[in-house]
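Chain by chain, the residues:
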Amino acid sequence: MTDGANDRIADLITTHALDLNRFEAGLRRQARLFLRELEGQIVAVMAKVNPTGVGADTYRTKRLKKLLDQVQDTIKASYRAEQTRLIGALRELADIETEFAAKAINTGLQFGMASAEITAPLLRGIVAGVLIDGAPITDWWARQAGDTFQRFQDAMRSGIAQGETSGQLIRRVRGGTQNGEPVRGFMDITRRHADSLVRGATQAVAAAGRQEVYRQNARLLKGVLWTSTLDLRTTVVCAARDNKLYETVSHKPIGHDLPWLGGPGNLHWGCRSTSAPVTKNWRELGIDEDDLPPQTRASIDGEIPTDTDFEAWLARRSVEQQDAVLGKGRADLWREKKLSFRDLIDGNGRELSLKELRERSRA
């Protein structure tokens, strides 16, 4: 039997989900590089403005204030520059995802019926309108800058109060060892928070870009299918919504009572769910299917796709297809059950640039 339109769309979106994870891994690596550079800048300021020198308390207080002021300025400037770079990448990602969503619908239908009217102001609006746990991406980035400075300030005041040396204060920033035991610096917390924000922002912007295309082409769609990444890290709220259908624009539940809330990529912090459009059948599209050849008639049946569980979908593919999606070495480890599926889809070590992601989405 010929695969239906929605099965073809599901195949495209499932494969693209891995590419998106690889792109996200690249963004997270860039964020970690930025924070490593910032850490070095902070330590350089500490070496220049040493608040632990011998002298009266007023001297040390002045030196500490000077250190805090300079580090605060350094953190603010660094975060502003990195925010500009990140927002630029997310806008281009939104452009890629809108183009991909329209292409996926047309590939599924095997007709050029879907379109995407995407302007630069609309792309800016998509990124600006994304809320992660109720706040815009830029607000979260500013909060992280403030939190980083607060942790630095607390660490310095606590260390100086305990009479620590300059080297011990630096260890509070970047970590090291004490009495042979590893010690974590507060920048480890900053890195984890940035990692989570980049992960959430990437998925949320990608989801918002696709939803805009679904909205513009609602006349072609029966609804939007919630697709969750099913592994041990999947939340109960996402697992419950997997394979559930929602109205294209209003997002009202269809055939169930689980509310859309923030939608895939926005339901909770770090949400990894995505969505797939479900096209109408020929009659719902206003076309008399009796006049169509049987193969064409069967290809657009309005049915919900069957292979929506990502790992089950991949397991049904040929060895060659699995190797193409995962890379032969990683696919071998997965088939031999030596590598968890979560490790496979994380993307680390197989990152994609914006250019590569765009090329693969058009292939």
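Residues numbered from 1 in each chain as written. Predicted model: local features only at pLDDT ≥ 70, side-chain atom pairs only at ≥ 80, totals over all residues. Heavy atoms only, no water.

Draft legend 1. Structural context of the overall build of the chain. Tallying secondary structure elements over the chain gives 13 helices and eight strands in all. The burial tally for the chain puts 49% of its 363 residues in the buried class. For the chain, restricting intrachain contacts to residue pairs at least 6 apart in sequence, the fraction spanning at least 24 positions comes to 70%. Looking at the chain as shown, the accessible area adds up to about 17100 Å², and 52% of this sits on carbon and sulfur atoms. (Helix = DSSP H or I, 4+ residues; strand = E, 2+ residues; numbered from the N terminus. Buried < 20%, exposed > 50% of the residue type's maximum accessible area, 1.4 Å probe, protein only. Contact = heavy atoms within 4.5 Å. Areas by Shrake-Rupley, 256 points an atom, 1.4 Å probe, with all protein chains shown as cover.)

Draft legend 2. Highlighting the sheet that holds strand 5 (residues 221–227). The four strands are arranged 7-6-5-8 in an open sheet whose pairing can be described as antiparallel. This sheet does not close on itself; its edge strands, each paired only once, are strand 7 (253–254) and strand 8 (274–279). This element, helix 6 (residues 187–216), spans strand 5 and strand 8 of the sheet and lies at about 15 degrees to strand 8. (Pairing = 2+ DSSP bridges. Axes fitted to C-alpha atoms, helices over the stretch in contact; angles between N-to-C directions.)

Draft legend 3. Focus on the layout of surface pockets. Reported here for the largest pocket is a volume of approximately 340 Å³. Every residue lining the largest pocket is counted, 18 residues in all, and those nearest its centre are Ala208, Gln211, His251, Gly262 and Asn266. Secondary-structure elements contributing two or more residues to the lining of the largest pocket are helix 3 (120–129) and helix 6. Take the lining of the largest pocket: its biggest share by element is five residues, from helix 6. Residue composition of the lining of the largest pocket, by class: nine nonpolar, seven polar and two charged. (1 Å grid on protein atoms, 1.4 Å probe; cavity = no way out; pocket = protein on both sides within 12 Å on 5 of 7 lines; lining within 4 Å. Points joined across faces, edges and corners; volume = space filled by probe spheres on them. Nonpolar A, V, L, I, M, F, W, Y, C, P; charged D, E, K, R; others polar.)

Draft legend 4. Representation of the packing of helix 1 (residues 5–48) against helix 13 (residues 354–362) in the model. One way to put it is that helix 1 packs onto helix 13 with a least axis distance of 10 Å and a crossing angle of 175 degrees. Between helix 1 and helix 13, the angle is such that the two are roughly antiparallel. Two secondary-structure elements touch here, helix 1 through His16, Asp19, Leu20, Arg22 and Phe23 and helix 13 through Leu354, Leu357, Arg360 and Ser361. Among the residues forming the contact of helix 1 with helix 13, the class breakdown is four nonpolar, two polar and three charged. (Parallel < 35°, antiparallel > 145°, perpendicular 65-115°, else oblique.)

Draft legend 5. Broad picture of helix 5 (residues 166–174). Leu169, Ile170, Arg171 and Val173 are the residues of helix 5 that are buried. Where helix 5 is buried, its residues meet helix 1, helix 4 (137–161), strand 3 (176–178), strand 4 (181–183) and helix 6. Phi turns positive one or two residues past the end of helix 5, at Gly175, with a value near 80 degrees.

Draft legend 6. Geometry of the pattern of salt bridges. A complete count under the given rule lists 24 salt bridges for this structure. Each of Glu24, Arg28, Arg32, Asp195 and Arg199 takes part in one network of salt bridges that share partners. (Salt bridge = Lys/Arg side-chain N within 4 Å of Asp/Glu carboxyl O.)

Draft legend 7. A look at unusual backbone geometry. The phi dihedral of Asn179 is positive, around 55 degrees, even though this residue is not glycine. Its location among the elements puts Asn179 in the loop between strand 3 and strand 4. For Asn179, a relative accessible area of 75% corresponds to the exposed category. Positive phi is not limited to glycine here, since His251 has a value of about 65 degrees. Looking at the secondary structure, you find His251 in the loop between strand 6 (245–246) and strand 7. With relative accessibility at 18%, the residue His251 sits in the buried group.

Draft legend 8. The arrangement of the packing of aromatic side chains in detail. The tally for this structure, following the rule as stated, stands at eight aromatic pairs. Taking 5.1 Å as the distance between ring centres and 70 degrees as the angle between the ring planes, the aromatic pair formed by Tyr246 and Trp260 counts as edge-to-face. Taken together, the residues Tyr246 in strand 6 and Trp260 in the loop between strand 7 and strand 8 connect sequence positions 14 residues apart. Exposure class is identical for Tyr246 and Trp260. Each is buried. A connected cluster of aromatic rings, assembled from ring pairs, spans Phe34, Tyr79 and Trp141. The residue whose ring lies beneath Arg143 is Trp140, and the NZ or CZ to ring-centre distance is 4.5 Å. Above the ring of Trp226, the side-chain terminus of Arg241 is found at 5.8 Å from the ring centroid. (Phe/Tyr/Trp six-rings, centres within 6.5 Å; stacked < 30°, edge-to-face > 60°. Lys NZ or Arg CZ within 6 Å of the ring centre and 35° of its normal.)

Draft legend 9. The pairing of strand 5, seen in detail. Burial of strand 5 is extensive: six of the seven residues sit out of reach of the surface. One ladder, built from six bridges, connects strand 5 with strand 8; its direction is antiparallel. Counted as the bridge partner of Leu221 is Thr279 from strand 8. In terms of strand pairing, strand 5 meets strand 6 through two bridges, oriented antiparallel. Bridging from a neighbouring strand, Leu225 pairs with Leu245 of strand 6.

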